[in-house]
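Here's the letter readout for the chains.
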Amino acid sequence: ALMIITLISITYGALVCSVLAIQVIYDNYKVQLRPGAYLCMVVWRALEITTRVTTLVLFSTALTHWVILVGMANLLFFFFLPWVEFWARKGTLAEGVEKNFSKLGTTVVLCMFTLLYACINVFCWSAVKPDLTHQELIERKQSWSSLVMYYSGRFVENFVLITLWYYFKSDFYEYVCAPLLVVQLLICYSLAVLFMLLFYQFCHPCRRLFKYNIHDCLRCVCCRRAGRRARSRRGNMPPSYSTAATMVLVPEEPLVLLDPHNSLPPDVARQLGAQESSA
């Protein structure tokens, strides 16, 4: 019962954070979420958090001390990621975070902000990306590349952790169908990603403001793969008239030279011209 209550609480917190992130990013527009959007977000967040927590718990039962290393590695990676991007851009710290704060106080506040960002990303997608150079401390555009890298890396990590649990599990799980549990966790996380894609494609309140959407990104990837396959096939095929270029650019000829009468002798051409003029 306590686990269910905790899961509902965490899911509700993630839902509220997602809604607030949308309202902060698109504060110039009136944001109104429909029931379908809330449904997609609830299923997306519930499956994502449940799968992540279950994977970490199962991994901790098999390799107790290694789970601390996994958690600290995740926390430190997401904590230092905004700072690395800040140093790579060679930017300056955002001013005006708090009027009474000194530069040291501003740095401490930014460290706490990035720590909160890291703690959220250990379990689920935070829906916002920090920008330490901006006064509002968040990036005000949809970063599809960060979204793809996060869920791709998280899926691979969950797969590795659950596979290690499968090989090093204790005798406590002797009466549990371990392969079925592994498949269920992977399917649940895939469903979470699917509902996330459905939310951004159909239910996001500001989807019309996106320069690119999920459908455009998938179509771009498919077109690139199809183009690479076509080029590879063309490279393996012998040259022929169907694949080789048969058209060349030539200087534009005068209209007189394009006249079919020019293919006749001069005398015959004069006679045909006189007959056409008399007619």
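Residues numbered from 1 in each chain as written. Predicted model: local features only at pLDDT ≥ 70, side-chain atom pairs only at ≥ 80, totals over all residues. Heavy atoms only, no water.

A.B. asks: In this structure, what is going on with the overall build of the protein? I would like to understand it.
C.D. replies: From N to C terminus, the protein includes 8 helices and 0 strands. Start at the N end of the protein and walk to the C end: the helices and strands fall as α-α-α-α-α-α-α-α. In the protein, buried positions account for 29% of the 279 residues. Partitioning the contacts of the protein with sequence separation of at least 6, the portion at a separation of at least 24 is 72%. Total accessible area on the protein stands at roughly 19400 Å², and carbon and sulfur atoms take up 67% of it. (Helix = DSSP H or I, 4+ residues; strand = E, 2+ residues; numbered from the N terminus. Buried < 20%, exposed > 50% of the residue type's maximum accessible area, 1.4 Å probe, protein only. Contact = heavy atoms within 4.5 Å. Areas by Shrake-Rupley, 256 points an atom, 1.4 Å probe, with all protein chains shown as cover.)

A.B. asks: Where do I start with the nonpolar core in this structure?
C.D. replies: Soluble globular proteins tend to bury their nonpolar side chains together. Counting 34 residues, the largest nonpolar core has Met-41, Trp-44, Trp-125, Leu-147, Tyr-151, Phe-199 and Tyr-200 as its most contacted members. For this core, the secondary-structure elements that each account for two or more residues are helix H1 (2–25), helix H2 (35–62), helix H3 (64–89), helix H4 (103–123), helix H5 (144–168) and helix H6 (178–203). If we ignore the near neighbours within four places in the chain, the residues touching Phe-199 are Ile-22, Ala-37, Cys-40, Met-41, Trp-44, His-204 and Pro-205. Phe-59, Val-67, Trp-165 and Ala-178 belong to the second-largest nonpolar core, a separate cluster that totals 15 residues. (Core = buried A, V, L, I, M, F, W, Y, C linked by side-chain atoms within 4.5 Å.)

A.B. asks: Got a minute to help me understand the pattern of salt bridges in this structure?
C.D. replies: Working definition: two side chains of opposite charge can pair if their charged atoms are close together. Taken as a whole, this structure holds 4 salt bridges when the rule is applied. Note that Glu-48 is salt-bridged to Arg-45, the shortest N-O span being 3.3 Å. You can see Glu-48 and its partner Arg-45 sitting in helix H2, 3 residues apart, about one turn around the helix. Of the residues examined, Arg-45 reaches a relative accessible area of 1% and is grouped as buried. Note that Arg-154 is salt-bridged to Glu-157, the shortest N-O span being 2.4 Å. Highlighted residues: Arg-154 and Glu-157, both in helix H5, separated by 3 residues, approximately one helical turn. For Glu-157, a relative accessible area of 17% puts it in the buried group. Connected through salt bridges with shared partners, the residues Arg-52, Arg-154 and Glu-157 form a single ionic network. (Salt bridge = Lys/Arg side-chain N within 4 Å of Asp/Glu carboxyl O.)

A.B. asks: Can you help me understand the packing of H2 against H3 in this one?
C.D. replies: When two helices pack together, their arrangement is captured by the angle between the axes and the distance separating the axes. As a packed pair, H2 and H3 sit with axes 5 Å apart at the nearest point and diverge in direction by 140 degrees. Here H3 runs oblique to H2, going by the angle between their axes. Residues Arg-52, Leu-56, Phe-59, Ser-60 and Ala-62 of H2 form the contact with H3, whose participating residues are Thr-64, Trp-66, Val-67, Val-70 and Asn-74. Of the residues that constitute the contact of H2 with H3, the class distribution is 6 nonpolar, 3 polar and 1 charged. (Axes fitted to C-alpha atoms, helices over the stretch in contact; angles between N-to-C directions. Parallel < 35°, antiparallel > 145°, perpendicular 65-115°, else oblique. Nonpolar A, V, L, I, M, F, W, Y, C, P; charged D, E, K, R; others polar.)

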